[in-house]
Amino acid sequence: MSAFSTPARPPQTVTISSHEDGDEAPPEVPLQQTYKGLLGKLNEVLGTDYTLDPPPVVELGDDTDDSDWSNVEDVFDVPADEDPFTDLHPLATLLRDCARFDFGTAYAYLRTWWYVDHGVAQMEMFRCQTNDRMFREAHQWAHQSAPTIDLPATPPRRVWDLYSNRVVPRWIVGESVGAPIPGRYIPTIVGISHSWMSEELRHAVYTPINAFEWPVPIPVDTTLERVRVELLNLGLEYVWLDVLCLRQIGRGGVDEELRREEWQVDVPTIGNVYRDGEKVVHYCSGLGRPFRIGNLDSDRHWLNRAWTLQEIAPNTVIAGMAPDSPIIDDKTVHLDSNVHRFSERLASLATFSKGAQHIFPVLAAMRHRAATSELDKISGLSYLLGSTRLPPYIATEAAWWRFLETIAPTYRGDLFFLYPEPGNGKCFWSPSWQQVKDGPTLPSFAGGVLSLSEKVWYDSSYHIYRHRGYRIDGCLVDGFDHSEGAVPRTGRVSMVDVKEGKHEFEALAFHAQPILAGEYVLIGSEDLEHWVIGWSKGEKQVEKVSVLRIVGGEGVIEKLKALVLGRLIETGLL
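Now for a description of the structure that goes with this document. (Residues numbered from 1 in each chain as written. Predicted model: local features only at pLDDT ≥ 70, side-chain atom pairs only at ≥ 80, totals over all residues. Heavy atoms only, no water.)

### Side note on the overall build of the protein
Which entries qualify depends on this criterion: Every helix listed is a DSSP run of H or I at least four residues long, and every strand listed is a run of E at least two residues long, numbered separately from the N terminus. Under the scheme applied here, a residue whose accessible area is under 20% of the maximum for its type counts as buried, over 50% as exposed, and between as partly exposed, the area being computed with a 1.4 Å probe on protein chains only. Reported accessibility uses the Shrake-Rupley method at a 1.4 Å probe radius. Residues are deemed covered only where the shown protein chains occlude them.
A count of helices and strands for the protein gives 16 helices and 18 strands. In the protein, buried positions account for 48% of the 574 residues. Of the accessible surface of the protein, which amounts to about 28500 Å², a share of 53% is contributed by carbon and sulfur atoms.

### Remarks on the pattern of salt bridges
A side chain of one charge can pair with a side chain of the opposite charge if their charged atoms are brought near each other. For clarity, the threshold we go by: Salt bridges are defined by distance alone: a side-chain nitrogen of Lys or Arg within 4 Å of a carboxyl oxygen of Asp or Glu.
Tallying each qualifying case throughout the model produces 27 salt bridges. Close ionic contact of glutamate 262 with arginine 158 constitutes a salt bridge, the shortest N to O distance being 3.0 Å. Here glutamate 262 is found in helix H8 (residues 256-266), whereas its partner arginine 158 is found in strand E3 (residues 158-161), with 104 residues between them in sequence. The residues glutamate 262 and arginine 158 share a single accessibility class, namely buried. Note that aspartate 297 is salt-bridged to arginine 341, the shortest N-O span being 2.6 Å. Taken as a pair, aspartate 297 in the loop between strand E9 (280-283) and strand E10 (316-318) and arginine 341 in helix H10 (residues 337-349) lie far apart in primary sequence, 44 residues in all. A cluster of three or more residues bridged by salt bridges with shared partners is formed by Arg157, Arg158, Glu213, Arg247, Glu262 and Asp266.

### As for the packing of helix H12 (residues 374-384) against helix H13 (residues 396-406)
The line we're drawing: The angle between two axes is taken between their N-to-C directions and runs from 0 to 180 degrees, where each axis is a line fitted to C-alpha atoms and a helix contributes only its stretch in contact. Any angle from 65 to 115 degrees is called roughly perpendicular, while one under 35 is roughly parallel, one over 145 is roughly antiparallel, and all others are oblique. By the convention used here, residues are in contact when the closest approach between their heavy atoms is within 4.5 Å. In this classification, Asp, Glu, Lys and Arg are treated as charged, Ala, Val, Leu, Ile, Met, Phe, Trp, Tyr, Cys and Pro as nonpolar, and every other residue, Gly included, as polar.
Interaxial distance between H12 and H13 falls to 9 Å at its minimum, and their mutual angle equals 10°. When the axis of H12 is compared with that of H13, the two are roughly parallel. Across the interface between the two elements, Glu374, Leu375, Ile378, Leu381 and Ser382 of H12 pack against Thr396, Ala399, Trp400 and Phe403 of H13. Partitioned by chemical class, the residues of the contact of H12 with H13 number 6 nonpolar, 2 polar and 1 charged.

### Examining helix H4 (residues 103-110)
Going by this rule: A 3.5 Å cut-off defines polar contacts: any pair of N or O atoms within that distance qualifies, except that in protein one atom must be a possible hydrogen donor and the other a possible acceptor, and neighbouring residues in sequence count only when both atoms are side-chain atoms.
Of all 8 residues making up H4, 6 are buried, and the element is well covered by its neighbours. All of the buried residues along H4 are Gly104, Thr105, Ala106, Ala108, Tyr109 and Leu110. Its side-chain oxygen placed 3.3 Å from the backbone nitrogen of glycine 104, aspartate 102 serves as the N-cap of H4.

### Quick notes on the nonpolar core
In globular proteins that are soluble, nonpolar side chains generally tend to be buried together. Going by this rule: Take the buried residues of types Ala, Val, Leu, Ile, Met, Phe, Trp, Tyr and Cys, join any two whose side-chain atoms come within 4.5 Å, and each joined set is a nonpolar core.
Among the nonpolar cores identified, the biggest contains 109 residues, and Trp160, Leu231, Leu244, Phe342 and Trp400 are the most heavily contacted of them. When sequence neighbours within four positions are dropped, the list of residues in contact with phenylalanine 342 reads Cys284, Phe291, Ile293, Leu296, His301, Leu303, Ile318 and Ile328. Core analysis: the second largest hydrophobic core is formed by 22 residues, Phe505, Ile515, Ile533 and Leu560 among them.

### Regarding the pairing of strand E15 (residues 518-524)
Our working rule: Should DSSP find at least two bridges between two strands, the strands are taken to pair.
Burial analysis of E15 places 5 of its 7 residues in the buried class, which makes it a mostly covered element. Direction of pairing for strand E12 (residues 464-478) relative to E15: antiparallel, over a ladder of 6 bridges. Note that in E15 the partner of leucine 476 across the bridge is glutamate 519. Here E15 runs beside strand E16 (residues 530-536); their pairing, made up of 4 bridges, is antiparallel.

### Remarks on the packing of aromatic side chains
Just so we agree on the cut-off: The rule is short: rings of Phe, Tyr and Trp, with Trp giving its six-membered ring, pair when the centres are within 6.5 Å, and they are stacked under 30 degrees, edge-to-face over 60, tilted in between.
Enumeration over the complete set of coordinates arrives at 12 aromatic pairs. Residues tryptophan 240 and tyrosine 274 carry aromatic rings whose centres are separated by 6.3 Å and whose planes lie at 80° to one another, so their mutual orientation is edge-to-face. Of this pair, tryptophan 240 sits in strand E8 (residues 238-240) while tyrosine 274 sits in helix H9 (residues 271-276), placing them 34 residues apart in sequence. Looking at tryptophan 240, the relative accessible area reads 4%, which means it is buried.

### Topic: the pairing of E9
The alternating pattern of E9 places Val280 and His282 on one face and Val281 and Tyr283 on the opposite face, and all of these are buried. Looking at chain direction, strand E5 (residues 189-194) and E9 are connected through 4 bridges and run parallel. The residue of E9 that forms the bridge with isoleucine 192 is valine 281. In this structure, E9 lies alongside E10, joined through 3 bridges in parallel fashion. Residue pairing across strands places valine 280 opposite threonine 316, the latter belonging to E10.

Written out as structure tokens, the structure is:
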């Protein structure tokens, strides 16, 4: 018999089961019990028993096995100068390249290339692998003096092929460089979002799915096979699941240095999986577990996680639906208060799938969310705010300052003009992450405005922030020494004009930050209503103290226009 022929076997129904006969009970979730696949469903309809089952697994080195499939192994167990594939069909060369893999991994590597000319496939697979490696190396640290990840659209490093049940490099299923390749199959990758269980409710399992590279943390009351069966029944083929596709901590610190290196890029770019996918599957009660509303105030609840904000998509599926799970949709009226509350909060999260227009609502939504590390929150903010570069997964405050370098100039302008306090970290013009996280309030619509069109530019050559706009030196500010009383507080700003003398304006503070009476530099917005108060630190630099608004109608604006005429100045911000 040929080494590539298939031995005869009794026909079987193509069925995958998620539980063994010895299990106490099948899964509660119907979609996790069995997956029959397209062929199995056709057999049911047609009354046939066609099968595409692979041949039996043959253990290497088993001398007692006399099946015809032992010849396949013999083909690869020959000296190099006696290579049986010499001058054979390119398909044989492809198969030889996969001889180091088990059957599932070899199938995963080859199946999207199967209908490509096999000579072309081998060359293109090498190109895809090389391009993926060069892409990651080139864009990982694009700015060595201030390291950031150059391309937020960096694809994930690995994906889970549900058909082969193997985790494989992303380049295997990615688009090729250049013109499309005839016959090449480019599948869709779907992101899986889930809440992590507490340590006592999860355990780590070693599995051939990820080639036993690291122990996979999953809830104690489910299995990866149950998850796989459900995802297959949902019509999925390739997915990204963090516990399998993001390198986890190994036992005894094995490969810990490699994990840290990968995480610097892989964690900040997680959001790309959910942003570019057609849909997202949510396990709101834990990976593979039946959907329950649960304790909505728990830090472990999916709704309260930091990562959840960037794992929302317009097309979402709630997985783990058991017979007694609540139905969550726009049409169902929920009498149970907890179900109603869950539904409302889920609907409110949908706004984040459409992109953010203002920075403060995003900061407010993220700052108090539950996370293993504050770094998780900063990484999530970068995707929500559409950063063109991403901060690496490093120390929290360092990541925050890298984050400020990467966001849009208008977001920085809002932090400069609307946040009432000077920064207490590396910069005065912007709050530190500690201030954002622990401060009493953030600017909101209560002040009548949430965003301006002002821009603060980052000069990467000199590592300095700049603003170009109206600036008036030698202004006197009075009436804001106290922090008590109702908000807004009322005070005065006095400016001196060489020709017309002193001008006094009523000003409002929509915050409780005290401002000592004294002389300041004022930097104004284009509408001449919002002003940053600061101290001059040399001819071209200003240290922020607080913010005010000058009000009074059209007459006041005209006076201010006369005062600032010709005073568009570029100022360095400390």
